[in-house]
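Tertiary structure, described
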Amino acid sequence: MKGQIFIDNSEIGTVNFKIIDESMGAIGGDFVATENYREFKNEVQKLTNKNGNANSENFKFRVFVDNVEFNPIGGICLTDSKEFAEIYLDVAGLTQSELEKVRG
C-alpha cells in the first residue's frame, strides 16, 4: 500500500509499504523522494552517517495511508546514505487496524 511521507506539513516522498514485522507493528519500504526532500536530504544523510538513520527524534515525520495519518508509537526512521542509491523508511508500533490498511 502506498503511503505519503511528510516532515511537518511538507510532503517529502512516498513509500510502497509492506509489513516487515507484524508482531512489532512494523512496515517499511523504499522511499521515493519528492522535490521537497532536497531541503532535508543533507541533514538526513549526516544523521544516517552518524546514527544509522534519521528518526522521529530528529524530525516530525508523518505517515499517511489512504489519507489517514498513522500514529506509530515506535517511531519512524529514514535511512539515506551517500554511499547507496536507495533510501529506506520504516515505521514501528502500528496498531492492528493500521496494519490492515497496509495489507489492503
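The structure reproduced in this document is the subject of the present report. Because the structure is a prediction, the values reported are computed rather than measured.

Among the secondary structure elements, R62 is positioned in strand β6 (residues 61-65). Here R62 falls in the buried class, since its relative accessible area comes to 15%. Residues contacting R62, with those up to four places away along its chain left out, are Q4, I5, F6, D8, N9, E69 and I76.

Burial analysis of strand β2 (residues 10-16) places five of its seven residues in the buried class, the great majority of the element. The sheet contact formed by strand β1 (residues 2-7) and β2 spans six bridges and is antiparallel. Bridge pairing in β2 links F6 to E11. Adjacent in sequence and paired antiparallel, β1 and β2 are bridged by two residues, among which D8 carries a positive phi angle near 55 degrees. Two elements, β2 and strand β4 (residues 26-33), share three bridges in a ladder whose sense is antiparallel. The residue bridging V15 from the neighbouring strand is F31, located in β4.

Analysis parameters
- Residues numbered from 1 in each chain as written.
- Predicted model: local features only at pLDDT ≥ 70, side-chain atom pairs only at ≥ 80, totals over all residues.
- Heavy atoms only, no water.
- Helix = DSSP H or I, 4+ residues; strand = E, 2+ residues; numbered from the N terminus.
- Buried < 20%, exposed > 50% of the residue type's maximum accessible area, 1.4 Å probe, protein only.
- Contact = heavy atoms within 4.5 Å.
- Pairing = 2+ DSSP bridges.

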